[in-house]
Amino acid sequence: MILVTGATGNIGSALLKELRASGAGPLRGLTRDAARAGFPAGVEAVEGDFARAATLKPALHGVRSLFLPSRMGPDADILDVARQAGVEHVVLVSSITVQTHPHLGPAEENLAVERLLQGSGMAWTILRPTQFASNALWWADAIRGREPVRLPYADVGLPAVHPADIAAVAGAALTEPGHRGRTYALTGPERVTARQQVEAIAAALGREAPVAEISREEAHRGMAAFLGDEAASAVLDLMGGDVNDELLKVRDTVERVTGRPPRGFRQWAAENADAFR
């Protein structure tokens, strides 16, 4: 039995499809509302709340492999409940910032979760993806409203990764030998700037989507209103304020693990164009 947590998210939903297509099973998907989950046929929907680790016990009954996004709740409690339930192997989604920006608060938190898992007694595989292609959904309201997308660091190119490629690597780690005790840094196939991402979305829509460059200070004021000062600063560093060779590096991990080339941003934009209409 494999349990996919975060099963309605960008990675989890793609992972359930990946596992069903590969014939893996039996499968469970964790959600807060099983009636509204809309999982693929053959996937058992189970309810639980990350914030209350004890609610995960029924979902973990009989589970041997677990897919787990980091920092969704009290990670120490979640891992302890999984270990007590008999889970043998956990595939954890962490972040590439653990190796590129270890001084940032979110990176320190992700590293702490990685160490909790490594010391849990369960087998582990750690995924460290870079910027998600799906982060472009932040701009959906502006593009739908035909307003300029306001961008700091508009011409800094990062190797954004398609969530489905993270799912593909997770699927391999959950179902194939040779991935336990491994840590995988994941990127897309090429660097793509924020301006190029907006252009790709515009091309998918068949119309223009204007860009307005703004300063870091202006971007920080807007982000801090809902992220807080420290988190806003960290996000802006990763968007272009504190890039380094490790963050910019294009890696071949997706193809090495899955045997398939990673998906580019234009593919993500074409698949998700309706979100911007």
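Residues numbered from 1 in each chain as written. Predicted model: local features only at pLDDT ≥ 70, side-chain atom pairs only at ≥ 80, totals over all residues. Heavy atoms only, no water.

Asks: Talk me through the packing of helix α1 (residues 10–22) against helix α7 (residues 163–175); I want residue IDs and the actual numbers.
Replies: The contact between α1 and α7 brings their axes to 8 Å, and the two run at 50°. Here α7 runs oblique to α1, going by the angle between their axes. Every pair of crossing elements has a handedness; the one defined by α1 and α7 is right-handed. Contacts between α1 and α7 involve Asn-10, Ile-11, Ala-14, Leu-15, Glu-18 and Leu-19 on the former and, on the latter, Pro-163, Ala-164, Ile-166, Ala-167, Ala-168, Ala-170, Gly-171, Leu-174 and Thr-175. Among the residues making up the contact of α1 with α7, the classes are represented as 11 nonpolar, 3 polar and 1 charged. (Axes fitted to C-alpha atoms, helices over the stretch in contact; angles between N-to-C directions. Helix = DSSP H or I, 4+ residues; strand = E, 2+ residues; numbered from the N terminus. Parallel < 35°, antiparallel > 145°, perpendicular 65-115°, else oblique. Left-handed = near helix turned anticlockwise from the far one by under 90°. Contact = heavy atoms within 4.5 Å. Nonpolar A, V, L, I, M, F, W, Y, C, P; charged D, E, K, R; others polar.)

Asks: Explain the environment of Gly-228 to me, and be specific about the residues and the numbers.
Replies: Looking at where Gly-228 falls in the secondary structure, it is placed in the loop between α9 (216–227) and α10 (229–241). For the pair Gly-228 and Arg-36, spaced 192 residues apart in sequence, the C-alpha to C-alpha distance is 32 Å.

Asks: Go over the side chain of Asp-75, please, and point to the residues and values.
Replies: Counting through the fold element by element, Asp-75 comes out in helix α3 (residues 75–85). Buried within the structure, Asp-75 lacks any salt-bridge partner; its nearest side chain of opposite charge belongs to Arg-71, at an N-O separation of 6.3 Å. Leave out the neighbours within four places in its chain, and Asp-75 touches Ser-70, Val-113 and Leu-116. (Buried < 20%, exposed > 50% of the residue type's maximum accessible area, 1.4 Å probe, protein only. Lys, Arg positive; Asp, Glu negative; His and termini not counted. Salt bridge = Lys/Arg side-chain N within 4 Å of Asp/Glu carboxyl O.)

Asks: Describe the sheet that holds strand β1 (residues 2–4), naming the residues involved and giving the relevant values.
Replies: With parallel pairing, 7 strands are arranged side by side in an open sheet as β3-β2-β1-β4-β5-β6-β9. Here the strands that pair on one side only, and so sit at the sheet edges, are β3 (43–47) and β9 (182–186). When the angles between neighbouring strand axes are averaged without regard to direction, this sheet yields 20°. Pairing analysis gives 5 bridges linking strand β2 (residues 27–31) to β3, with the strands arranged parallel. (Pairing = 2+ DSSP bridges.)

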